[in-house]
Amino acid sequence: MKALVGALGAMAACAAIAQQPRSPAEEIERYRAAIGEANPAELWEARGEALWKEKRGPKKASLEHCDIGLGPGAVKGAYTVLPKYFADSDKVEDLESRLVTCMVTLQGFTREQARKDPFGGPGKKVPMDALVAYVTAQSRGMKMNVSLDHPKEKEAYELGKRIFFYRAGPHDFGCVTCHGSDNQRIRLQDLPNLTKAADAQRAYDTWPAYRVSQGEVRSMQWRLNDCFRQARFPELEFVSPASIALTTFLAHSANGGTFDGPGMKR
Amino acid sequence: MSDPMKIRATMVGDKVEVKVLMSHEMETGQRKDAKGATIPAWFIQNVSATCNGKTVLSAQWGPAVSKNPFLSFRFSGGKPGDKVVIAWTDNHEDKRTDEVTIA
């Protein structure tokens, strides 16, 4: 037994010499590089493209005439200007909200039907995740350029900023508790300091993302919903004005960054 | 009907490098759902790759392969323009076949 322990000790020593210890973040980067070409989000993109062109709903219409920011049918680069103010719905909308609007106006779904299944799960594929993956992928490599020219856009930004800094709930948490200073982490996950442009860009530019641990593509709406859950806030309703306001604040903070989604997360 | 595979086939030197992303749940049969009932096993069992009709890869998979699996391999004897066909069969007898032309 002693000899075995000795041998194991020697092996551990060799391994330590051969391999310099890396930080968890570096290990995760290495893992991403190793499977980077194989982002399963591409499967969602392909399914989303088919859904985009498919005639669905009571009106048997496709989403190909949906205006998601750059005019009806324009998908290329559209995600970089979202959220933005839309005159037809008279409100600021993010991508998910805009897809819901188009499902209602073009395809004839009721609003309840269109927003019934916002997130996929085990054995449950939902159209929203796939459409989000498809549309965002068409903005890959382009610079984020969210405007605050319209008063309602400015209003959403200011509201989102207040939500970001607002502390509440049983733990007196706010977004800013985890995302307001450098070098914070939850377990092994380094958290971006979203009050700094570089961190905000890196974070926003890689969502939506395929979560390896969940085997699903997760949208920005999901990300915020889960942040609210972790901070013990009341549930953030899907495509609610609060969720869009917070997205506007985060997206504008990431302006100038090159969009690189759908990304891949642990 | 399952979703299409994403296949890339490119020349790397004199060999053809094929990269395949498959869409599949790959349930192990070991997991339980929220009610405690076992989720039945559901996974890809056989994978084959052919180049112009000739088999270049044949594999038997089990439940240890991940969800939405990624397969990468190289073979010799292919050239640009050749057609690579990937096919899988799972334990529910569901099948999927997709093809790509070597770039």
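What you see as residue numbers is a count from 1 along each chain, following the sequence as written. Each chain takes a letter, starting from A, and each ligand takes a number, starting from 1, following the order in which they are written. Side-chain atom pairs in this predicted model are given and counted only at pLDDT of 80 or more, local residue features only at pLDDT of at least 70, and totals for whole chains, interfaces and linings cover all residues.

With that settled, consider the overall build of chain B. Secondary structure assignment for chain B yields 0 helices and 7 strands. Going from the N terminus to the C terminus, chain B shows its helices and strands as β-β-β-β-β-β-β. Reported as C-alpha extents along the three principal axes, the dimensions of chain B are approximately 55 × 20 × 20 Å. Exposure classification rests on a simple neighbour count of other C-beta atoms within 10 Å of a residue's own: a residue reaching 20 or more is buried, one at 12 or fewer is exposed, and one in between is partly exposed. C-beta atoms are placed from the backbone. Scored against the burial criterion, the 103 residues of chain B give a buried share of 21%. Residues are scored as being in contact if the C-beta atoms we place from backbone atoms lie within 7 Å. Long-range pairs, those at least 24 residues apart, make up 52% of the contacts in chain B between residues at least 6 apart in sequence. In this description a helix means any DSSP run of H or I spanning at least four residues, a strand means any run of E spanning at least two, and both kinds are numbered starting from the N terminus.

Bringing the sheet that holds strand β7 (residues 263–265) of chain A into the picture now. Residues and elements named next belong to chain A. The 3 strands are arranged β6-β5-β7 in an open sheet whose pairing can be described as mixed. Strand pairing shows two members of the sheet lacking a second neighbour, β6 (216–218) and β7, which therefore form its edges. This sheet shows a mean twist of 35° between the axes of neighbouring strands, independent of strand direction. Bridge analysis of strand β5 (residues 209–211) against β6 gives 3 bridges, and the strand direction is antiparallel. Paired with Tyr210 across the strands is Val217, a residue of β6. When DSSP finds at least two bridges between two strands, those strands are taken to pair. Lines fitted to the C-alpha atoms define the axes, with helices restricted to the stretch that makes contact. Angles between their N-to-C directions range from 0 to 180 degrees.

It is worth spelling out the confidence of the model for chain A at this point. Close inspection of predicted coordinates is inappropriate for parts of the model with low pLDDT. Across the chain, each position has a pLDDT score giving the predictor's confidence in that residue, from 0 to 100. Taken as a whole, chain A shows an average pLDDT of 87; of its residues, 91% reach a score of 70 or greater. Confidence drops under pLDDT 50 across residues 1–17 of chain A; counting only partners more than four residues distant or on other chains, this segment forms 0 contacts.

All names here are of chain A. Turning to helix α9 (residues 197–204), its buried residues number three or more, namely Ala200, Gln201, Ala203 and Tyr204. The arc that holds every buried residue of α9, seen down its axis, measures 165°, which confines them to one face. The secondary structure elements touched by the buried residues of α9 are α11 (241–253). Our arc is simply the arc of the directions from the helix axis toward the C-beta atoms.

What follows is about the packing of α9 of chain A against α11 of chain A. Residue and element names in this part refer to chain A. α11 packs onto α9 with a crossing angle of 115° between their chain directions and a minimal axis gap of 8 Å. Residue-level inspection shows Ala197, Ala200 and Tyr204 of α9 in contact with α11, the latter providing Leu250, Ala251 and Ser253. In this classification, Asp, Glu, Lys and Arg are treated as charged, Ala, Val, Leu, Ile, Met, Phe, Trp, Tyr, Cys and Pro as nonpolar, and every other residue, Gly included, as polar. For the contact of α9 with α11, the class distribution of residues is 5 nonpolar, 1 polar and no charged.

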